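Structure at a glance
Each chain, written out:
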Amino acid sequence: MEILIFGAGAIGAFYGSRLAFNKNVNVSVVCRSNYQAVKTAGFSITSQQFGNYEWSPARTFANASEARKAGLNWDYVIVSTKALPDVSDDSQLLAGLISERTAIVLIQNGIGIEEPYARRFPRAVILSAVTITSAAQPKHGSIQHHRWTKINFGAYPGDSQQATSKNNLLIDLLSKVGVDDASAFPAQKLQLLRWHKVAINAAFNPSSVLSYETDNPSMVHDADMYEHMKGVIDEVLGVALKLTGLPLPKDFATPQQILDSAKKSPKGSFPSMLGDWKRNQKMELEVILGNPIKLGREKGLDMPRLQTMYALLKTAQATREQRSESRL
Ligand SMILES: NC(=O)c1ccc[n+]([C@@H]2O[C@H](COP(=O)([O-])OP(=O)(O)OC[C@H]3O[C@@H](n4cnc5c(N)ncnc54)[C@H](OP(=O)(O)O)[C@@H]3O)[C@@H](O)[C@H]2O)c1
């Protein structure tokens, strides 16, 4: 079996390194800024759960066109770039890599991330994945797996027999190598899970940036911030339930449980968007805030708390870019 990880950063390299423990499975990677480090020395992974280990991918490509030249028939192309539709349409980079046998797997946060892939590859199986894994790449090729492995997969835009078998096979491969909380959801429930994750991301990520780098537990321990965070989660989940027409499943955390869990999180745990902001990188604003706002509006459902944070952060990001360009 041939698996290609497109965007081998924290999440892609972590899951890729686990999948590579399966016999008869070759896992290759398309890198970008970490290419030289990974080509030379592979990845070093540190994980409390799995220990420390080295992983040399079957093949390391500098970009998509190098991967195309390899001429392989990929079983899975796993996309784990940041979802930044305002920067690039990454679906176009997959041209020539997708055959009838390939399932495209999208492990990314946000809403609407599948659309460009479904438009460009209308006959391909698309598996949408939501993970709560916490991982980072502090240095090129060094992957820190902090906590959790849980990942859910669902077909997009709807269920099919072909998607189910691709889904089950991937879950089986993960469970054989210790990721035993990977599971399949029906397509619609997976979309609701996306919204649920976005409710959490939309509450914590922008608020940490806008509150001058406040960590997760401090945000929920402050009474005014708590009211704001709960307001955001309620707002997003309220719209999500209306849009999907589903009740909140029993296996999804309630807003109260989300906030209680954040209260117990270690001091100094920050949402990843703050890291993007501090590194001067683009934040996933469109898929976490912009797209949900747009989809809600199309059905007459406004999310004023989300819209306010979106407007402020989008403007902060643009203003910062303009100022740094004018300094050059
Ligand atoms: N990290 C987490 O704990 C976590 C948890 C849950 C969900 N997620 C979600 O998972 C997704 C991936 O996040 P991440 O934290 O793994 O991000 P990341 O560490 O930044 O990894 C993304 C990787 O994709 C590479 N990339 C981007 N565009 C590329 C291109 N055109 N060709 C080749 N490589 C490319 C990046 O290279 P450069 O370094 O050159 O940009 C980077 O190595 C995001 O949607 C995120 O929200 C992350």
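The chain is annotated in an unreviewed UniProt entry as 2-dehydropantoate 2-reductase from Knufia obscura. Within the UniProt record for the chain, the comment given under Function (unreviewed entry) is "Catalyzes the NADPH-dependent reduction of ketopantoate into pantoic acid." Turning to the chain, the UniProt record has this under Sequence similarities (unreviewed entry): "Belongs to the ketopantoate reductase family."

This part takes up the overall build of the chain. Looking only at helices and strands, one finds 12 helices and 12 strands in the chain. Expected size for 328 residues packed as a compact globule is a radius of gyration near 20 Å; at 19 Å, the chain falls within 12% of this value. Dimensions of the chain, computed from C-alpha atoms along their principal axes, come out at roughly 55 × 50 × 40 Å. With 328 residues in all, the chain has 52% of them scored as buried. Within the chain, contacts between residues at least 6 apart in sequence are counted, and of these 73% link residues at least 24 apart. Accessible surface computed for the chain: about 15,400 Å², of which carbon and sulfur atoms make up 51%.

Attention now goes to the site of the ligand. Surrounding the ligand, one finds 24 residues, the nearest of these being Ile 11, Ser 33, Asn 109, Ala 135 and Glu 284. With respect to the ligand, the backbone of Ala 135 contributes an N or O atom lying 2.8 Å from an oxygen atom. Separating an oxygen atom of the ligand from a side-chain N or O atom of Glu 284 is a distance of 2.7 Å. About the coverage of the ligand: the protein hides 84% of its 880 Å² of free accessible area.

Bringing the pattern of salt bridges into the picture now. Inspection of every chain in the model, using the stated rule, returns 15 salt bridges. Note that Lys 82 and Asp 276 form a salt bridge whose closest N and O atoms lie 3.0 Å from each other. Of this pair, Lys 82 sits in the loop between strand 6 (76-79) and strand 7 (103-107) while Asp 276 sits in helix 10 (residues 272-278), placing them 194 residues apart in sequence. On the basis of relative accessibility, which here comes to 36%, the residue Lys 82 falls in the partly exposed class. Residues joined by salt bridges that share partners form a network here, namely Lys 82, Asp 276 and Arg 279.

The residue Asn 22 is located in the loop between helix 1 (10-19) and strand 2 (26-30) in this model. In contact with Asn 22, not counting residues within four places along its chain, are Leu 173, Lys 176 and Val 177.

Take the sheet that holds strand 9 (residues 134-139) next. Spatially, 4-3-10-9 is the arrangement adopted by the 4 strands of the open sheet, whose pairing is mixed. In this open sheet, the two strands that pair with only one neighbour each are strand 4 (51-55) and strand 9. When strand polarity is set aside, the average angle formed by the axes of neighbouring strands in this sheet is 20°. Against the sheet, helix 1 engages strand 3 (43-47), strand 4, strand 9 and strand 10 (142-147), with an angle of about 90° to strand 4.

In the UniProt entry, the feature "domain: Ketopantoate reductase N-terminal" (unreviewed entry) is given for residues 3-157. When the span residues 3-157 is considered, its composition is 19% helix and 35% strand, and the gap between its end C-alpha atoms is 22 Å.

It is worth spelling out helix 9 (residues 255-264) at this point. Three or more residues of helix 9 are buried, namely Pro 255, Ile 258, Leu 259 and Ala 262. Projection of helix 9 onto a plane perpendicular to its axis shows the buried side chains occupying an angular sector of 90°, all on one side. On its buried face, helix 9 sits against helix 6 (187-210), helix 7 (216-221) and helix 8 (223-244).

Running from amino to carboxyl end, helix 8 crosses helix 12 (residues 304-327) at an angle of 110°, the nearest separation of the two axes being 8 Å. Of the possible angle classes, the one that applies to helix 8 and helix 12 is roughly perpendicular. Between helix 8 and helix 12, the residues in contact are Glu 227, His 228, Gly 231, Val 232, Glu 235 and Val 236 and Pro 304, Arg 305, Leu 306 and Met 309, respectively. Broken down by class, the residue content of the contact of helix 8 with helix 12 amounts to 5 nonpolar, 2 polar and 3 charged.

Feature annotation in UniProt assigns "domain: Ketopantoate reductase C-terminal" (unreviewed entry) to the following positions: residues 190-316. End C-alpha to end C-alpha, residues 190-316 measures 32 Å, and it is 73% helix and 0% strand.

What follows concerns the packing of aromatic side chains. Counted by the stated rule, this structure contains 6 aromatic pairs. Ring geometry for Phe 21 versus Tyr 53: centroids 5.4 Å apart, planes at 70°, classification edge-to-face. Taken together, the residues Phe 21 in the loop between helix 1 and strand 2 and Tyr 53 in strand 4 connect sequence positions 32 residues apart. For Tyr 53, a relative accessible area of 11% translates into the label buried. Between the aromatic rings of Phe 43 and Trp 55, the centroid separation amounts to 5.5 Å while the plane-to-plane angle is 15°, which identifies the pairing as stacked. One end of the pair, Phe 43, is in strand 3; the other, Trp 55, is in strand 4, with 12 residues separating them in the sequence. Residue Phe 43 is classed as buried on the basis of its relative accessible area of 0%. Against the face of Phe 50 rests Arg 18, its NZ or CZ located 3.7 Å from the ring centre. Arg 320 extends its terminal NZ or CZ atom over the ring of Trp 277, reaching a point 3.7 Å from the ring centre.

What counts, and where the lines are drawn
Within every chain, residues take consecutive numbers counted from 1 along the sequence as written. At least 70 in pLDDT is required for a residue's local features to be given in this predicted model, at least 80 for side-chain atom pairs to be given and counted, and no such filter applies to totals for whole chains, interfaces and linings, which use all residues. Only heavy atoms go into the side-chain values, all of them from the structure, while hydrogens and water stay out. UniProt positions are given in the numbering used here, feature names are shortened, and annotations may be inferred rather than shown by experiment. To qualify as a helix, a DSSP run of H or I must reach at least 4 residues; to qualify as a strand, a run of E must reach at least 2; elements of each kind are numbered from the N terminus. The size measure is the radius of gyration over C-alpha atoms, and the globule rule it meets is 2.2 Å times the number of residues to the 0.38 power. For every residue, the accessible area (1.4 Å probe, protein chains only) is compared with the maximum for its type, and the residue is labelled buried under 20%, exposed over 50%, or partly exposed between those bounds. Throughout, a contact is declared for two residues whenever any of their heavy atoms are within 4.5 Å. Method for areas: the Shrake-Rupley scheme with a 1.4 Å probe, in which residue coverage is limited to the protein chains shown. By convention in these notes, a residue is near a molecule or strand provided one of its non-hydrogen atoms lies within 4 Å of it. Any N or O atom pair separated by 3.5 Å or less is treated as a polar contact, with the protein-specific requirement of one donor-capable and one acceptor-capable atom, and with residues adjacent in sequence counted only for side-chain atom pairs. The salt bridge criterion pairs a side-chain nitrogen of Lys or Arg with a carboxyl oxygen of Asp or Glu, the two atoms within 4 Å. Two strands qualify as a pair provided DSSP detects at least 2 bridges between them. The axes used here are C-alpha line fits, helices contributing only the stretch in contact, and every angle between their N-to-C directions lies in the interval 0 to 180 degrees. Here, the arc refers to the directions that run from the helix axis to the C-beta atoms. Here the word oblique covers every angle except those under 35 degrees (roughly parallel), over 145 (roughly antiparallel) and from 65 to 115 (roughly perpendicular). Residue classes follow a fixed rule: Ala, Val, Leu, Ile, Met, Phe, Trp, Tyr, Cys and Pro count as nonpolar, while Asp, Glu, Lys and Arg count as charged, and any other residue, Gly among them, counts as polar. For Phe, Tyr and Trp, where Trp contributes only its six-membered ring, two rings pair if their centres lie within 6.5 Å, and the inter-plane angle classes them as stacked under 30 degrees, edge-to-face over 60, or tilted in between. Look at NZ for Lys and CZ for Arg. If either is within 6 Å of the ring centre and within 35 degrees of the ring normal, a charge sits over the ring.

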